[in-house]
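Residue-level listing of the chains:
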Amino acid sequence: MNHLHEGWTISGGDVSDLPADVPGCVHTALLAAGRIEDPYLDENETKLAWIGRTTWEYTTTFTPGLGAPRIDLVCAGLDTVATIELNGSPIGRTANMHRGYRFSVQDLLRDGSNSLKIKFDSPYVYAEQERARLGDRPNAYPEPFNFIRKQACNFGWDWGPTLVTAGIWQPIGLHSWSVARLAEVRPQVTVAPDGTGRVEVRVRLERAAEEPVTITASVAGRRATATVDGIEALLILTVDEPDLWWPRGFGAASLYDLDVALSSSQGEQLDSWSRRIGFRKVRVDTAGDAFTLHVNDVPIFVRGVNWIPDDVFADRITRSRLRERFVQAAGANVNYLRVWGGGRYESEDFYELADEMGFLVGQDFLFACAAYPEEEPFRGEVEAEARENVIRLSSHPSLVIWTGNNENLWGHEDWDWKAPLAGRTWGAGYYFDLLPRLVAELDPARFYWPGSPYSGAPNRYPNDPAAGTTHIWDVWNTDDYTKYAAYRPRFVAEFGFQAPPAFATLARALSDDPLAPDSPGMAHHQKAIGGDQKLERGLANHLPAPRDFDDWHYLTQLNQARAVAYAIKHFRSLRPLCMGSIMWQLNDCWPVTSWAAVDGDGRKKPLWYAMRDAYADRLLTLQPRTAAAPVAGGPDETTPGEIFTAPGAPALVAVNDGGEPWIVSATVTRRNLSGDILAASFLNFTVAPGGAVTIPLPADLTTPEDPATELVVAESGDDRTFWFFAEDKDIAWPAPSFTTSVTSDSESTKVTVTATSILRSLTLYPDRLDPSAETDKAGVTLLPGDTVTFNILSAKPLDGTELTSRPVLRCVNDIA
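Criteria and cut-off values
- Residues numbered from 1 in each chain as written.
- Predicted model: local features only at pLDDT ≥ 70, side-chain atom pairs only at ≥ 80, totals over all residues.
- Heavy atoms only, no water.
- Pairing = 2+ DSSP bridges.
- Helix = DSSP H or I, 4+ residues; strand = E, 2+ residues; numbered from the N terminus.
- Buried < 20%, exposed > 50% of the residue type's maximum accessible area, 1.4 Å probe, protein only.
- Contact = heavy atoms within 4.5 Å.

A. Layout of the sheet that holds strand β40 (residues 738–744). One open sheet holds the four strands; their spatial order is β40-β41-β45-β43, and the pairing between them is antiparallel. At either margin of the open sheet sits one strand with a lone partner, and together these are β40 and β43 (774–775). As paired elements, β43 and strand β45 (residues 787–793) share two bridges and run antiparallel to each other. When the bridges of β45 are listed, Thr 775 appears paired with Ile 792.

So this is what it looks like as structure tokens:
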């Protein structure tokens, strides 16, 4: 395709003939020209609502090559309601950001200069007109995002700004061709029980002439050829015992080049298509209310994160930026990315990286937190976008689940939608009929699930944690994070807790002086209703009261890390009853107080480090158990002596997601804050691959004499986990006492801390000194005599005194 990416200008409102990058959008063009202030800074977002309510025109001129029997204008993505004119003649109108369009234009092209104009109507005007025509439908936010096939979170979310975009957001160009082209290539890859790989390549042609053509497909040294007089063909290739594609942690993500070529009867190549495919078996076991993903016949505990668009402006999301996020996810021991339904069908770059790095992916169809009309033109647009994207993504081995929507089944049942709907359509026809039919037709080897959450049957409460997939949001919204322990879910697809972004991110994005939890910029960059009050409630339950903003920042980030890690460890301890944990959320699209582990500037919050530990292949954790509570397994060896667990007292749980048995030799001690051992037990047992073992602990370990001054420590090799009998706010912490040493070389700085008192949740914030600086650990609890070394990478030298002083080096003790 000959791209038409040069020479574009935009006009709209009081803007005329402003140069614009394509692919891109109006906002980034205005920003590049200095016509608007950065919407991510301070409260600038509020000044830009006019952009989404303005009609915009993109124009360019070009000189095409003529002479081909067919020349098509190919628009891979137009955002959203667009009218296209070529040399003054209308050639088409679009109303869907999530699909591409192709227009035959050879009869309109001329020698020399040609003009192309694309007019984008206001998304608001279109959506509000459709809402008035069809009748309102309930949604989670006061915006009409459910009446336009456009990225829903453009209209704002409880973590995102309201920046309603328009523009040519995907490549555009002219495709010249003759005889025939590959209109659709759809490989279905399966593996037989004997290990034989099979690739069924279904091809659909578009023709400019009726002569016979030849289609050739090849993979792994195998080749199939078909001569075709019509427009459809099926080519089948078999590969003996191919190397299987495995998810992260289970083996290599082996990929093979699949090449498809189209040639004329004279042997001239007319078109080609290439992808990298993987051979793997995938199924989801839902028998008996379970929700267990199996890959190559191995049950996988999903250690997942929810994924949102990494920037409001899609043209800024480069492959290298995606790779950085994927590396961060891999570093946190994540194996699964759920692409949330309020964003987009993710890009080829996204899926190619997932294939290469062994991530499992679940892709939502694009419906979120709202009732959606099923009348035309929406039903036709939904079918067209679903067909295009199912076909586009079906070749990727990383994609394992299609999900019909985000929270709409739950919303319809539980969010008081039924009365205002008054019998109007709301999307059920998509989730239970249209979408499963399309997946069965176009991608039959892949699993479809009607919604997230969904309990497995239309007549069952959709967010029942005892069946299928569940979302747990009462913890954040109304309750304490210790309530996670009351849940015994089968698969948790959303849960999370908020905290502000890194300090360096706040310093870049906000001009508040001084920063405060309720200063204007901080307040604007908190989009959740009652978010600050929920943060305050969470702190009050667990941690000492902050004295200033530095305390508040440290404590809210710490509380987020603890809350999410608490949940993950609990869910994993229930294996095999629970087989999935997808935390909300990995990433942010701008600087904001949110549930993310990686903030809008790409900096890791303390949550990232806690998630890395909680998602480790081998997890040693102390969990509240009662004597009657069922456990996932039992020890291979019984610890001598009488063992019982008091209600709510800690039991030792070891979880092994690795492929080899884990031989555990654990020491469990009850200690005081000075580190003195008050009771001890030595445990030896084995955890099978994919197993979890729960060991009740003796009463002398689980029964403190003084809950406010005692704790339990469990250790096995490099693994260590703590149980405190009282909340941090109720513990009389000693003043922090420690020694430090700082050494530097050309690549890094090392800060070594040796504790002479207990140090609770010791965390280093080097980004306060250099925005590029990043450490390798956070939230480390040290007993007297323990030593830890923080390894810091930074672009410039760091001052040793500042590195080892407040507010850069923090622990709970320095507040108490």
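B. Expanded view of the pairing of strand β9 (residues 101–104). Residues Tyr 101 and Phe 103 point to one face of β9 and are all buried, whereas Arg 102 and Ser 104, pointing to the other face, are not buried. Note: strand β5 (residues 70–75) against β9, four bridges, orientation antiparallel. Counterpart to Asp 72 in the pairing with β9 is Ser 104.

C. Molecular detail of unusual backbone geometry. That bond from Trp 584 to Gln 585 is cis: its omega, 5°, falls within 30 degrees of zero. Within the secondary structure layout, Gln 585 lies in the loop between β32 (580–583) and α15 (606–614). A cis amide bond links Arg 806 with the next residue in sequence, Pro 807, at an omega value of 10°. Mapped onto the elements, Pro 807 comes out in the loop between α17 (800–803) and β46 (809–810). Positioned with a positive phi, Ala 220 is a non-glycine residue whose angle comes to about 50°. The phi torsion at Glu 407 lies on the positive side, around 65°, for a residue other than glycine. Within the secondary structure, Glu 407 sits in the loop between β28 (399–403) and α7 (408–414). A residue is classified by how much of its surface remains accessible, and Glu 407, at 7% relative accessible area, is buried.

D. Region of interest: the side chain of Ser 748. Tracing the sequence through the fold places Ser 748 in the loop between β40 and β41 (749–755). Apart from the residues within four sequence positions on either side, Ser 748 is in contact with Thr 743, Ile 792 and Leu 793.

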